[in-house]
Amino acid sequence: MKSAIIRVKNYHQGMNKEQDTRAPHATDHHMDAESFRRHGHEVIDWIADYLYGGVDDKPIMSRVKPGEIAGMLPDAPPAEGESFDSILSDLDRVVMPGLTHWQNPNWHGYFPANTSGPSILADLVSSGLGVQGMLWSTSPACTEIETVVMDWMAKALDLPECFHSTPGPGCGVLQDTASSASFVTLLAARERATEWRTNRQGLGEVNPKLVAYTSNQAHSSIAKAAKMAGMGEDNLRLVDVDDTYRMDPIALRRMVEADLAAGLVPCYVCATIGTTSSVAMDPIREIAEITRKHGIWLHVDGAFAGSAAVCPEFRDIHDGLEHAESYTFNPHKWLFTNFDCNCLWVRDREPLVRTLTVMPEYLKNAATESGQVIDYRDWQVPLGRRFRSLKLWFVLRHYGLEGLQSLIRHHVALATSFESMVEAHPLLELTTPRNLTLLCFHHVDGDAATEAMHHAANAAGEVYLSHTKLATDEGHRYVIRMSIGQARVEASHVTKAFAVLSNAAEAARHSQG
């Protein structure tokens, strides 16, 4: 029987090629090496054109209506593969109109979500390697680089030695977000407080009446963690704050003592270095005095502000951190490492690992049983793990500590400049003192004027700022948040934002009149 494969000459586009007329093999559907190289260059060029200039000219907020992007897509996937050129063109046609441009240097909303060249390239390498790093044995480099990079980061921030991997028992681990870090540490605190019975018997059987505490300015992820941990939102105490929005240790002490008197079991306190609304700094040392006295797990959330500690002059935010059981911050906010990348350290790894370890037969291996390796699957909720540490490794090596310090100081200097502009403006007033690179301010004519000014400033799409409400003697005040920290922000962008706000403030006064 003659072969079904007949090769014929084909001089397509002047090139002498052989055409395979056999039925395609399954693997023929893959992108070949040369196409991958060519399209890879095209994608990098597209990203570079966007990041290094193109994004600056786009309206920051998307103008599409709900359902508009979905309406551009077909109802079903294609039966046959499409050309890569067609796929790439749809980034401009379909994706771009529906984007909020967080990498625009005129972005001053929420907190920064910075990326950078080395971080993007590291993410590409991670995707290309396709590593599944759930166990040390499934890729030793994935585990060991992560442990070393977490120690590098601890040294860069001058964290207490109790969080370093050597001599232990502390160590660091990368999570996706601070929300996950809070959740897994709350689980560990729950288990420690119930002498490890809850994982075996369940909360309904143990019924320890656990309670947790955080300030009324803390991130919403703490409330979500209390729900997911089975403790219930009603058992999360929101502690009052002082006039600078820091947790009040006296109020915390009273709550803890009242709960103890009622037969409840305080198990967890989350203090915040840089609250979400105003970047207030909870007094860690004073809070730690209470948690140490009563054996309560102290977790410290430095999600945004923690990056500042690469600069020695900002390390006072860590005062008392040596007494915490765990600490977390997000390099994907202010340290030029694209989402997602969260650093979590524990002073003793045993409670966390004991809480989260499950060992089915199919995961057993000699390295794990030797006790000489770390299996990071036991430090998180999912089993699977990306090679996330490559991003932080690339960033630390590309910028070096001097480069990171220079950028953080640059952003703080820009915020200080904006603070002076607000203080000098007759219609604007700071609601709180500047905290690092965040300023909260309002219109002197009240909430209606502030809200009108805010909407007008964002309306043109040239800048973007978000808002919050802060409790004052007169009630909850509507305030505008100016967050400075986008990777490529310069003085000109800050001056532009102030000019837009100044015009909006004048317009708000006239409209109120």
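One can find the structure itself at the top, above this paragraph.
What counts and what doesn't
Residues numbered from 1 in each chain as written. Predicted model: local features only at pLDDT ≥ 70, side-chain atom pairs only at ≥ 80, totals over all residues. Heavy atoms only, no water. Helix = DSSP H or I, 4+ residues; strand = E, 2+ residues; numbered from the N terminus. Buried < 20%, exposed > 50% of the residue type's maximum accessible area, 1.4 Å probe, protein only. Contact = heavy atoms within 4.5 Å. Areas by Shrake-Rupley, 256 points an atom, 1.4 Å probe, with all protein chains shown as cover. Lys, Arg positive; Asp, Glu negative; His and termini not counted. Charge placed at Lys NZ, Arg CZ, Asp CG, Glu CD. Core = buried A, V, L, I, M, F, W, Y, C linked by side-chain atoms within 4.5 Å. Pairing = 2+ DSSP bridges. Right-handed = clockwise from strand over helix to strand, strands pointing away. Axes fitted to C-alpha atoms, helices over the stretch in contact; angles between N-to-C directions. Salt bridge = Lys/Arg side-chain N within 4 Å of Asp/Glu carboxyl O. Disulfide = S-S within 2.5 Å. Phe/Tyr/Trp six-rings, centres within 6.5 Å; stacked < 30°, edge-to-face > 60°. Lys NZ or Arg CZ within 6 Å of the ring centre and 35° of its normal. Polar contact = N/O pair within 3.5 Å; in protein donor to acceptor, adjacent residues only side chain to side chain.

A. Region of interest: the overall build of the chain. Helix and strand counts for the chain stand at 17 helices and 13 strands. With the principal axes as the frame, the chain shows a C-alpha extent of 90 × 70 × 45 Å. Out of the 513 residues belonging to the chain, those deemed buried represent 47%. Relative to all contacts within the chain whose residues are 6 or more apart in sequence, the contacts with residues 24 or more apart total 72%. Of the roughly 24500 Å² of accessible surface on the chain, a fraction of 53% belongs to carbon and sulfur atoms. Seen as two clouds, the 46 positive and the 63 negative side-chain charges of the chain have centres 4 Å apart.

B. Focus on the nonpolar core. The biggest cluster of nonpolar side chains holds 61 residues, and the ones touching the most others in it are Met153, Leu252, Leu298, Tyr327 and Trp345. Broken down by element, the residue count for this core peaks at six residues, all from helix α15 (residues 389–424). In contact with Met153, other than residues within four places in its own chain, are Val310, Phe329, Leu335, Cys343, Trp345, Leu392 and Leu396. In terms of nonpolar packing, the next biggest core, distinct from the first, is built from 29 residues, Phe183, Val184, Ala226 and Met231 among them.

C. Summary view of the pairing of strand β4 (residues 210–215). Taking burial as the measure, the six residues of β4 include six buried ones, the bulk of the element. On β4, burial covers both faces: Leu210, Ala212 and Thr214 on one face and Val211, Tyr213 and Ser215 on the other are all buried. Bridge count for β4 against strand β6 (residues 265–272) is five bridges, and the pairing is parallel. By the bridge assignment for β6, Thr214 is matched with Cys270. Sheet topology note: the β4/strand β5 (residues 236–239) ladder contains four bridges and is parallel. Counted as the bridge partner of Thr214 is Leu238 from β5. You can see the chain leave β4, run along helix α9 (residues 221–228) and come back into β5, and the turn it takes is right-handed.

D. Structural view of the sheet that holds strand β12 (residues 466–472). The four strands lie next to each other as β10-β11-β13-β12, forming an open sheet whose pairing is antiparallel. This sheet does not close on itself; its edge strands, each paired only once, are β10 (428–430) and β12. Going from strand to strand, the sheet's axes swing by 45 degrees on average, the running direction of each strand aside. As paired elements, β12 and strand β13 (residues 475–483) share seven bridges and run antiparallel to each other. Paired with Ala471 across the two strands is His476, which belongs to β13. Sitting on the sheet, helix α16 (residues 447–459) is in contact with β10, β11 (438–443), β12 and β13, with an inclination near 25 degrees to β13. The strands that helix α17 (residues 491–512) touches are β10, β11 and β13; relative to β11, the one it contacts most, it runs at about 20 degrees.

E. Geometry of the sheet that holds strand β9 (residues 342–346). An order of β3-β9-β8-β7-β6-β4-β5 is seen for the seven strands of this open sheet, with the pairing classed as mixed. The open sheet has two edge strands with one neighbour each: β3 (171–175) and β5. The sheet shows a mean angle of 20 degrees between the axes of neighbouring strands, direction not considered. Of the strand pairs in this sheet, strand β8 (residues 326–329) and β9 are connected by four bridges, and their pairing is antiparallel. Residue pairing in the sheet places Phe329 in a bridge with Cys343 of β9.

F. Molecular detail of the pattern of salt bridges. Within the structure shown, the criterion is met by 20 salt bridges. Close ionic contact of Lys391 with Asp340 constitutes a salt bridge, the shortest N to O distance being 4.0 Å. Here Asp340 lies in the loop between α12 (331–334) and β9 and Lys391 lies in helix α15, a separation of 51 residues in the sequence. Its relative accessible area of 1% is what places Lys391 among the buried residues. Arg377 is paired through a salt bridge with Asp378; the nearest N and O atoms lie 3.4 Å apart. For Arg377, a relative accessible area of 6% puts it in the buried group. Through salt bridges that share partners, Asp123, Asp340, Arg386, Arg388 and Lys391 make up one connected network.

G. How the structure looks around the state of the cysteines. This model, assessed by the stated rule, comprises zero disulfides. In this structure Cys343 is not part of a disulfide, and its nearest cysteine sulfur, from Cys341, lies 5.2 Å away. Its relative accessible area of 0% is what places Cys343 among the buried residues.

H. Quick look at the environment of Leu470. Considering the arrangement of structural elements, one finds Leu470 in strand β12. Accessibility expressed as a relative area gives 0% for Leu470, which makes it buried. Sequence separation between Leu470 and Ala212 is 258 residues; the distance between their C-alpha atoms is 23 Å. The contacts of Leu470, once residues within four sequence positions are left out, are Gln217, Tyr245, Ser277, Ser278, Thr431, Thr432, Cys440, Gly475, His476, Arg477 and Val479.

I. Looking closely at the packing of aromatic side chains. All told, the structure shown has 15 aromatic pairs when counted by the stated rule. Ring geometry for Phe304 and Trp334: centres 4.8 Å apart, planes at 20 degrees, overall stacked. One end of the pair, Phe304, is in the loop between β7 (297–301) and β8; the other, Trp334, is in helix α12, and 30 residues separate them in sequence. Given the relative accessible area of 1%, Phe304 is considered buried. Assessed through its relative accessible area of 0%, Trp334 is described here as buried. Through a chain of ring-to-ring contacts, three or more aromatic side chains come together here, namely Trp102, Trp107, Tyr110 and Tyr464. Positioned over the ring face of Trp393 is Arg397, at 4.7 Å from the centre of the ring. Here Arg481 stacks its cationic end above the ring of Phe111, 4.9 Å away from the centre of that ring.

J. Focus on the side chain of Asp259. Following the sequence through the fold, Asp259 ends up in helix α10 (residues 249–261). In terms of polar contacts, Asp259 uses its side chain to reach the side chain of Arg237, at 3.1 Å. The contacts of Asp259, once residues within four sequence positions are left out, are Val211, Tyr213, Arg237, Leu264 and Pro266.

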